[in-house]
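Examining the three-dimensional arrangement
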Amino acid sequence: MTVKAIAATLLLASVSAAASADQRIATFDLGSLDTLDALGVREQVVGVPKASLHSYLDQYAADAYSDIGGLRSPEMEALQHADPTLILYTGRQAEWEAELGEIAPLLNTSLTGDDYLTAFDANVRELAGQVGEENNAEEALATLHTEIEQQKEALSDAPTTLVVTHNGGNLMLNQHPVVHDVLGIATLEMPESVTPEVRGERTFTPLSAEAIAEIAPEVVLVIDRSAAIGNEPANADQLRTLLAEAGAEPRLVMLTPALWYLSGGGLQSLALQIDEVTSALATQL
């Protein structure tokens, strides 16, 4: 986990000693909101991006919580009015880091690095430390890790699985860490016909129906970005037809869009994601 500068100059570590049950937290990171909720500190949350809340977090749509804007469009006035002592953010809000830091100390809760679960654990512990819930966090992590090991064992003979992101009618490769790193599902070799594309600072790997047929997965898990952000969702029947016409007939599973695109990285969401993958693949065993 990376700790960013407060107002571009101060480190959050310098204020960690002040962490207590008196924290007033505004969070743009729904995964962190999920973790705070699981730790039982709902009363310490003062602001959330209400338009992006997943259904299992809809209690935060109540008037008691300030609406601090969208994930890519923070409402600075509303945020300042919420009077937070700590603001949680991710790369989606990075361009507003300096402005956010003028309102309150910042903590970047993006999960970074090559080991997803290690970064996840560190993030949970950091959040727990901020609200004085270290013991509860350790118990929750122990329970989660036990579940992960059980599910990894259950999926040791899982079918070949491809994860894709749907966006505006297009499909892209998604090497999702929950599927491949946490649960240990093998990644599939890409054929020579599949080539990555660089767009700005990001790299995408488009997948045509023909490419998926060449990859020949037994299961395709679809993360629908379009549906998650309120655009036209993927049509599962049309996708199946398109794949069949290309010579591919995998089992197509539509994952819960907001869970996978917006609110991952929390104690509750990781458990829910594990359940979804296990349910999808266990039927093939």
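1. Considering unusual backbone geometry
Positive phi outside glycine occurs at aspartate 83, with the angle close to 55 degrees. In this structure, aspartate 83 sits in the loop between helix H2 (76-82) and strand E8 (86-89). With a phi angle near 60 degrees, alanine 216 is a residue other than glycine that sits in the positive phi range. Topologically, alanine 216 is positioned in the loop between helix H7 (209-215) and strand E14 (219-224). Its relative accessible area of 49% is what places alanine 216 among the partly exposed residues.

2. Comments concerning the nonpolar core
Of all hydrophobic cores here, the largest spans 51 residues; its most connected members are Leu33, Leu36, Tyr60, Phe120, Leu221, Trp260 and Ile274. Examining the composition of this core, we find that 7 residues originate from one element, helix H4 (residues 116-131), more than from any other. Non-local contacts of leucine 36, meaning those with residues more than four positions away in its chain, are made with Ile25, Val41, Arg42, Val45, Leu88, Leu127 and Val131. Counting residues in each nonpolar core, the second largest holds 17 residues, with Leu188, Val194, Ala211 and Ala234 among its members.

3. A closer look at the sheet that holds strand E5 (residues 66-67)
The 5 strands are arranged E5-E4-E3-E8-E9 in an open sheet whose pairing can be described as parallel. In this open sheet, the two edge strands, each paired with only one partner strand, are E5 and strand E9 (106-108). As defined by bridge partners, strand E3 (residues 25-27) adjoins strand E4 (residues 45-48) across 2 bridges and the pair is classed as parallel. Across the sheet, isoleucine 25 pairs through a bridge with valine 45, a residue of E4.

4. With respect to the pattern of salt bridges
On inspection of all chains with the given rule, the structure shows 4 salt bridges. The residue glutamate 197 makes a salt bridge to arginine 199 at a minimum N-O spacing of 3.2 Å. A salt bridge links aspartate 237 to arginine 240; its shortest N-O distance comes to 3.3 Å. In this pair, aspartate 237 and arginine 240 both sit in helix H9 (residues 236-245), 3 residues apart, roughly one turn of the helix.

5. Describing helix H5 (residues 134-154)
For H5, which comprises 21 residues, the first-to-last C-alpha distance of 30 Å matches the rise-based estimate of 30 Å (1.5 Å per residue) to within 8%. Every buried residue of H5 is listed here: Ala137, Leu141, Leu144, Ile148 and Gln151. Each buried residue of H5 lies within a common arc of 90 degrees when the element is viewed along its axis, so the set occupies one face. Away from its buried face by more than 90 degrees, H5 exposes Asn135, Glu139, Thr143 and Glu153. Where H5 is buried, its residues contact H4, helix H6 (177-182) and helix H11 (267-282).

6. Things to note about the sheet that holds strand E11 (residues 170-173)
A sheet is described by the order of its strands in space; here 4 strands give the open sequence E11-E10-E14-E15, paired in mixed fashion. The sheet terminates laterally at E11 and strand E15 (251-254), the two strands that pair on one side only. Pairwise comparison of adjacent strand axes, ignoring direction, gives a mean angle of 30 degrees for this sheet. As paired strands, E14 and E15 are joined by 4 bridges and run parallel to one another.

7. Here's the deal with the confidence of the model for the protein
Looking at the protein as a whole, the pLDDT averages 90, with 92% of positions reaching at least 70. Considering only residues more than four positions removed or in separate chains, one finds that residues 1-19, a stretch of pLDDT under 50, has 41 contacts.

8. Points about the packing of aromatic side chains
Here the structure, examined in full by the defined rule, presents 1 aromatic pair. Over the aromatic face of tyrosine 261 sits the side chain of arginine 92, whose NZ or CZ is 5.0 Å from the ring centroid. Just above the ring of phenylalanine 204 sits the side chain of arginine 199; from NZ or CZ to the centre is 4.7 Å.

9. Overview of the pairing of E14
The element E14 is largely enclosed, with a buried count of 6 among its 6 residues. Neither face of E14 is open: one carries Val219, Leu221 and Ile223, the other Val220, Val222 and Asp224, and all of them are buried. One ladder, built from 6 bridges, connects strand E10 (residues 161-167) with E14; its direction is parallel. Bridged to threonine 161 within E14 is valine 219.

10. Section: empty space enclosed by the protein
Applying the stated criterion across every chain, the model contains 1 cavity of 30 Å³ or more. When residues of the lining of the largest cavity are assigned to their parent elements, the largest contribution, 3 residues, is made by E10. Here the residues of the lining of the largest cavity sort into 4 nonpolar, 5 polar and no charged.

The rules behind these values
- Residues numbered from 1 in each chain as written.
- Predicted model: local features only at pLDDT ≥ 70, side-chain atom pairs only at ≥ 80, totals over all residues.
- Heavy atoms only, no water.
- Helix = DSSP H or I, 4+ residues; strand = E, 2+ residues; numbered from the N terminus.
- Buried < 20%, exposed > 50% of the residue type's maximum accessible area, 1.4 Å probe, protein only.
- Core = buried A, V, L, I, M, F, W, Y, C linked by side-chain atoms within 4.5 Å.
- Contact = heavy atoms within 4.5 Å.
- Pairing = 2+ DSSP bridges.
- Salt bridge = Lys/Arg side-chain N within 4 Å of Asp/Glu carboxyl O.
- Expected span 1.5 Å × (residues − 1).
- Arc of directions from axis to C-beta.
- Axes fitted to C-alpha atoms, helices over the stretch in contact; angles between N-to-C directions.
- pLDDT = per-residue confidence, 0-100.
- Phe/Tyr/Trp six-rings, centres within 6.5 Å; stacked < 30°, edge-to-face > 60°.
- Lys NZ or Arg CZ within 6 Å of the ring centre and 35° of its normal.
- 1 Å grid on protein atoms, 1.4 Å probe; cavity = no way out; pocket = protein on both sides within 12 Å on 5 of 7 lines; lining within 4 Å.
- Points joined across faces, edges and corners; volume = space filled by probe spheres on them.
- Nonpolar A, V, L, I, M, F, W, Y, C, P; charged D, E, K, R; others polar.

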